[in-house]
Amino acid sequence: MDYNPDTLMLLAELIIAVVAFAVIVASLRITSGEKLNAFELMLIQFFAESGLMVFIVAVFPLVLLEFGLDEQLVAIISTWGALILLVPYFSYYFWRRSRIEAPANIPMIVSSVGWLLWVFVLGITLTGAFWVPSLAIITALVFWGLCSFAIVFIGYLAKFVGRKI
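Residues numbered from 1 in each chain as written. Predicted model: local features only at pLDDT ≥ 70, side-chain atom pairs only at ≥ 80, totals over all residues. Heavy atoms only, no water.

Caption draft 1: Representation of the pattern of salt bridges in the model. Enumeration according to the criterion identifies one salt bridge in this entry. For the salt bridge of glutamate 49 with arginine 96, the shortest nitrogen-to-oxygen distance reads 2.8 Å. Remark: arginine 96 occurs in helix 3 (residues 71-99) and glutamate 49 occurs in helix 2 (residues 38-66); sequence separation between them is 47 residues. (Salt bridge = Lys/Arg side-chain N within 4 Å of Asp/Glu carboxyl O. Helix = DSSP H or I, 4+ residues; strand = E, 2+ residues; numbered from the N terminus.)

Caption draft 2: Structural detail: the packing of aromatic side chains. Scanning the entire structure with this criterion turns up 14 aromatic pairs. Ring geometry for phenylalanine 21 against phenylalanine 153: centres 5.8 Å apart, planes inclined by 65 degrees, an arrangement best described as edge-to-face. Residue phenylalanine 21 is located in helix 1 (residues 6-31), and its partner phenylalanine 153 is located in helix 5 (residues 135-160); the two are separated by 132 residues in the primary sequence. For phenylalanine 153, a relative accessible area of 9% gives the class buried. Where phenylalanine 90 meets phenylalanine 94, the ring centres are 6.2 Å apart and the plane angle is 40 degrees; that geometry is what we call tilted. In this pair, phenylalanine 90 and phenylalanine 94 are both assigned in helix 3, four residues apart and thus about one turn of the helix distant. On the basis of relative accessible area, phenylalanine 90 is assigned to the buried category, the value being 7%. By the ring-pair criterion, three or more aromatic residues cluster together here, those being Phe21, Phe46, Phe47, Tyr89, Phe90, Tyr93, Phe94, Trp115, Trp144, Phe149 and Phe153. (Phe/Tyr/Trp six-rings, centres within 6.5 Å; stacked < 30°, edge-to-face > 60°. Buried < 20%, exposed > 50% of the residue type's maximum accessible area, 1.4 Å probe, protein only.)

Next comes the structure, spelled out in structure tokens:
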């Protein structure tokens with residue numbers, strides 16, 4: 001059965017729109033004259049960086065498919081690519097969080113646990129022990145990226161309007 005890339009394309013389009021929206025909304029807080037603390041500035045960076053990273057994960061296999069590569073090869077390359085992007089980025093992100101003593105709230109914990117699970121899933125996928133790399137797994141990863149982004153953004157938005165989560 002051949003993979004239908006429509007879902008991955010739709011998710012890529014949604015992600016880039018959500019990234020633009022989130023960065024604009026987060027940046028609006030700066031124009032209110034209120035000084036942002038280090039954590040809030042880091043979150044704006046997180047929205048841009050993680051959103052673009054997930055966008056790359058979504059678009060990379062689509063580009064490879066355009067070259068006529070075998071779907072299984074594209075899945076393997078894309079899984080490696082996702083893992084190579086995720087591990088250094090989130091290692092750096094968690095290091096940045098620790099440097100500014102960022103608060104641990106529920107949205108951030110849910111998002112972080114989800115990403116750690118995905119690193120584990122991608123690693124297991126590459127071993128082929130239980131399942132082989134597939135573009136369906138990449139699509140599920142991208143969907144999680146969108147969900148994770150929304151979870152963190154909702155937490156930020158709640159802070160923006162004065163509610164605590």
